Amino acid sequence: IVFYANGLFNADVTSIIDLGYEGLEATSLTTVIIVLIMLPGYFVGVALINRLGRKNVQIVGYANMILWFGICGLGYEWLRAEAPVLFLTIYGLTFFFSNFGP
């Protein structure tokens, strides 16, 4: 359930990340980029889970997911058209916190 919303924006993100490749190469490279975006959240979560506590890590993760998906959803048209780098950054933050907390 956590990654369902990330999947909704996946096609938009892959269209923004245009590396000049087509087909399997393009899919592979964008998948690698997305994986590299989400890995830091996992490592930060592992590093902080004992210091902050499991419940607090989950609260921070879910609260940030609500915040970033809310911004992504409410400003979707503007972000896609006018600020694609900001859209990618917010998308990265959703992945970061979905791996950090929940």
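Residues numbered from 1 in each chain as written. Predicted model: local features only at pLDDT ≥ 70, side-chain atom pairs only at ≥ 80, totals over all residues. Heavy atoms only, no water.

### Focus: the nonpolar core
Then, number 1: Core analysis: the largest hydrophobic core is formed by 17 residues, its most contacted members being Val13 and Phe97.
Then, number 2: Elements represented by at least two residues in this core include exactly helix H3 (54-74) and helix H5 (84-100).
Then, number 3: For this core, the leading source of residues is H5, giving seven residues.
Then, number 4: Those residues in contact with Val13 that lie beyond four places of it in its chain are Ile34, Phe87, Leu88 and Tyr91. (Core = buried A, V, L, I, M, F, W, Y, C linked by side-chain atoms within 4.5 Å. Buried < 20%, exposed > 50% of the residue type's maximum accessible area, 1.4 Å probe, protein only. Helix = DSSP H or I, 4+ residues; strand = E, 2+ residues; numbered from the N terminus. Contact = heavy atoms within 4.5 Å.)

### Some thoughts on the packing of H3 against H5
Then, number 1: Contact geometry for H3 and H5: axes closest at 8 Å, N-to-C directions at 155 degrees. In this view, H3 runs roughly antiparallel relative to H5, as classed from their interaxial angle. The crossing of H3 and H5 is left-handed. Contact residues: H3 offers Val57, Val60, Gly61, Asn64, Met65, Trp68, Phe69, Ile71 and Cys72, while H5 offers Phe87, Ile90, Leu93, Thr94, Phe97, Ser98 and Phe100. (Axes fitted to C-alpha atoms, helices over the stretch in contact; angles between N-to-C directions. Parallel < 35°, antiparallel > 145°, perpendicular 65-115°, else oblique. Left-handed = near helix turned anticlockwise from the far one by under 90°.)

### Remarks on the confidence of the model for the protein chain
Then, number 1: Overall, the prediction assigns the protein chain a mean pLDDT of 83, with 88% of residues at 70 or greater.
Then, number 2: The lowest-confidence element of the protein chain is helix H1 (residues 4-16), averaging 67 in pLDDT; the highest-confidence one is H3, averaging 91. (pLDDT = per-residue confidence, 0-100.)

### Here's the deal with a nonpolar patch on the surface
Then, number 1: Together, Val32, Val35, Leu36, Leu39, Tyr42, Phe43 and Val46 line one region of the surface with nonpolar side chains, adding up to about 640 Å² of accessible area.
Then, number 2: One can find Val35 in helix H2 (residues 23-52). (Patch = residues over 30% accessible without salt bridge, like charges linked within 9 Å, V, L, I, M, F, W, Y side chains within 5 Å. Areas by Shrake-Rupley, 256 points an atom, 1.4 Å probe, with all protein chains shown as cover. Salt bridge = Lys/Arg side-chain N within 4 Å of Asp/Glu carboxyl O.)

### Digging into the side chain of Thr94
Then, number 1: Topologically, Thr94 is positioned in helix H5.
Then, number 2: Only 2.5 Å separates the side chain of Thr94 from the backbone oxygen of Tyr91, close enough to count as a polar contact. (Polar contact = N/O pair within 3.5 Å; in protein donor to acceptor, adjacent residues only side chain to side chain.)

### Remarks on the side chain of Ser98
Then, number 1: Its place among the elements puts Ser98 in helix H5.
Then, number 2: Within the structure, Ser98 has its side chain in polar contact with the backbone oxygen of Phe95 (distance 3.0 Å).

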